[in-house]
Amino acid sequence: MDEGKYLEDTNGDDLTVIGDMDDIQSKFESLRIAIEHKLGELVKAEHEVESRALDALRVIKQERRAFDDEKTRMTEVMKFSRSKIKLDVGGCKYTTSLATLTSIPDSMLGAMFSGRFHLQADESDGSFFIDRDGGLFKYILNFLRDPVSFDAPLDKEVNRDLAKEAKYFGIQALVDLLEDKSHLFKRTSTYLGFASPAVLNGALNHLATGFGLHDWQNPVDSEAVEVLLSDADDGGGDPVECLCDQDCLNGSVENCYDGVGGEVGFTVHLRTARLLLDHYMIVQEEGDDNYLREWVLEGSNDDVEYEEISSHIDFSITAENLRSHWAVAAIRPYSYFRIRLLGPSSGAKCNYCVTQVEFWGWLKGDPTL
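Residues numbered from 1 in each chain as written. Predicted model: local features only at pLDDT ≥ 70, side-chain atom pairs only at ≥ 80, totals over all residues. Heavy atoms only, no water.

Peer 1: Which residues make up the overall build of the protein chain, and what values do they have?
Peer 2: Summing up its helical and strand segments, the protein chain has eight helices and 13 strands in all. Burial statistics for the protein chain: of 369 residues in total, 38% are counted as buried. Within the protein chain, contacts between residues separated by at least 24 positions form 72% of all contacts whose residues are at least 6 apart in sequence. Total accessible area on the protein chain stands at roughly 21,400 Å², and carbon and sulfur atoms take up 52% of it. (Helix = DSSP H or I, 4+ residues; strand = E, 2+ residues; numbered from the N terminus. Buried < 20%, exposed > 50% of the residue type's maximum accessible area, 1.4 Å probe, protein only. Contact = heavy atoms within 4.5 Å. Areas by Shrake-Rupley, 256 points an atom, 1.4 Å probe, with all protein chains shown as cover.)

Peer 1: Explain the sheet that holds strand 12 (residues 336-341) residue by residue, including any values.
Peer 2: Overall, antiparallel pairing links the five strands, which are arranged 5-7-12-9-10 in an open sheet. Two strands in the sheet have a free side with no partner beyond their single neighbour: strand 5 (226-229) and strand 10 (307-313). Going from strand to strand, the sheet's axes swing by 15 degrees on average, the running direction of each strand aside. Relative to strand 7 (residues 265-269), strand 5 runs antiparallel, the two sharing four bridges. Residue pairing in the sheet places L229 in a bridge with F266 of strand 7. (Pairing = 2+ DSSP bridges. Axes fitted to C-alpha atoms, helices over the stretch in contact; angles between N-to-C directions.)

Peer 1: Lay out the packing of aromatic side chains with the relevant residues and their values.
Peer 2: Under the counting rule described, the total for this entry stands at 13 aromatic pairs. Ring geometry for Y191 and W362: centres 4.5 Å apart, planes at 45 degrees, overall tilted. Here Y191, found in strand 4 (residues 190-192), pairs with W362, found in strand 13 (residues 353-365); they are 171 residues apart in sequence, far enough to count as distant. Plain terms: the ring middles of F194 and W360 are 4.9 Å apart, the flat faces sit at 85 degrees to each other, and that makes the pair edge-to-face. Linking F194 in the loop between strand 4 and helix 8 (203-208) with W360 in strand 13, this pair joins segments that are 166 residues apart in sequence. When its relative accessible area of 23% is taken as the criterion, F194 is described as partly exposed. Note on W360: relative accessible area 0%, which makes it buried. (Phe/Tyr/Trp six-rings, centres within 6.5 Å; stacked < 30°, edge-to-face > 60°.)

Peer 1: Go over unusual backbone geometry, please, and point to the residues and values.
Peer 2: Within the chain, F211 stands out as a residue other than glycine whose phi angle is a positive 60 degrees. With a phi close to 65 degrees, E223 is a non-glycine residue in the positive phi region. Note on placement: E223 falls in the loop between helix 8 and strand 5. For E223, a relative accessible area of 57% puts it in the exposed group.

Peer 1: Requested: an account of the sheet that holds strand 2 (residues 92-96), with residues and values cited.
Peer 2: Spatially, 2-1-3 is the arrangement adopted by the three strands of the open sheet, whose pairing is mixed. At either margin of the open sheet sits one strand with a lone partner, and together these are strand 2 and strand 3 (128-130). Between one strand and the next, the sheet's axes are offset by a mean angle of 30 degrees, whatever the strand orientation. Where strand 1 (residues 85-89) lies against strand 3, three bridges are found, and the strand directions are parallel. Following the sheet pairing, V89 is matched in strand 3 by I130. Strands strand 1 and strand 2 of the sheet are contacted by helix 4 (residues 134-145), whose axis makes an angle of about 15 degrees with strand 2.

Peer 1: Describe a positive patch on the surface, listing the residues and the values that go with them.
Peer 2: On the surface, a cluster of positive charge is contributed by K156, K181, R274 and K364. Note on placement: K156 falls in helix 5 (residues 156-168). (Patch = residues over 30% accessible without salt bridge, like charges linked within 9 Å, V, L, I, M, F, W, Y side chains within 5 Å. Salt bridge = Lys/Arg side-chain N within 4 Å of Asp/Glu carboxyl O. Lys, Arg positive; Asp, Glu negative; His and termini not counted. Charge placed at Lys NZ, Arg CZ, Asp CG, Glu CD.)

Peer 1: Outline the pairing of strand 11 (residues 323-327), listing residues and values.
Peer 2: Of the two faces of strand 11, only the one carrying S324 and W326 is buried; R323, H325 and A327 on the other face are not. Where strand 8 (residues 273-284) meets strand 11, five bridges bridge the pair, whose relative direction is antiparallel. Bridging from a neighbouring strand, M281 pairs with H325 of strand 11.

Peer 1: Now, about the pattern of salt bridges: what can you tell me, with residues and values included?
Peer 2: Summed over the entire model, instances satisfying the criterion amount to 12 salt bridges. A salt bridge links R187 to D151; its shortest N-O distance comes to 3.8 Å. On the criterion of sequence distance, the pair formed by R187 in helix 7 (residues 181-187) and D151 in the loop between helix 4 and helix 5 is long-range, its members being 36 residues apart. Owing to a relative accessible area of 47%, D151 belongs among the partly exposed residues under this scheme. Between E179 and K167 there is a salt bridge, with the nearest N and O atoms lying 3.2 Å from each other. Of the two residues, E179 is situated in helix 6 (residues 172-179) and K167 in helix 5; the sequence distance between them amounts to 12 residues. For E179, a relative accessible area of 45% gives the class partly exposed. On the basis of relative accessible area, K167 is assigned to the exposed category, the value being 52%.

Okay, structure coming up:
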């Protein structure tokens, strides 16, 4: 072989090898850089995971400490709750439980004995002193023990003073109860509950029997009830006794002239009794077309100043349904109940033909008068 030719071929192979080595070296360097980058990312991710784990561990430890603290506090509270708590209220000694004193958490007593405040007990007997009326505090405790069946004192002055104590201790539910004028009335009266429009066991029937002392007698005839009409002339209808009768389906009290809305109506006066109304009924005459459509039921204790009990725009009274009744919520007891028409009846005139009425609720009166 020609020596020159051989050297030329050898040099060419060497250059090729060198080029391949350079390429391999470049790829290796790129791979090394990529691996180092990945390793860096992994290390960074590991640090982030470790940091989050440490943060979570710190939160868990804090929550555990808070739980242990709460557990310790609740243990102390339970010990306190199971033990008797002695109170010295204005010199009157009482014994009760934590559950009773904290039954209304947002009250003064609820806050005092919540465990959030340090209370200093008397060293001699372990009681906690409260500088309030000790005699009235028994009612406060009784209300906290059983608010549902609590009976307020009947004496009005005691009631008034107790309301002041309830306000001081922040027991709003007791304040509301004591300031509800109907509460005492209900306690000292007879409840006559509505059962059915066919069962006439309401106030008029009760007065007709003298509170159960004698046989039924029309209360208008016995002067236990008075019926007053908006006009002295009853318009040709039956006597006013009809309204309170047990069976007057063939007659009615009515005004047979064109009345004026707001001025036409009738009033039932319970004379010697008062009624805290919660239901009433109107019966209208069969075959008549003057069915009430728009009226107001009002109450009074002097027949001068009337208060609205309920207002009606009602189409329930029809030829097929002559007995209609309504639940109401009077705010106070009354002795006068007035039904006053505000607009025309079904006959397009401001007239009425009422056969019967009855009232239910809490009735109080003197059957001997």
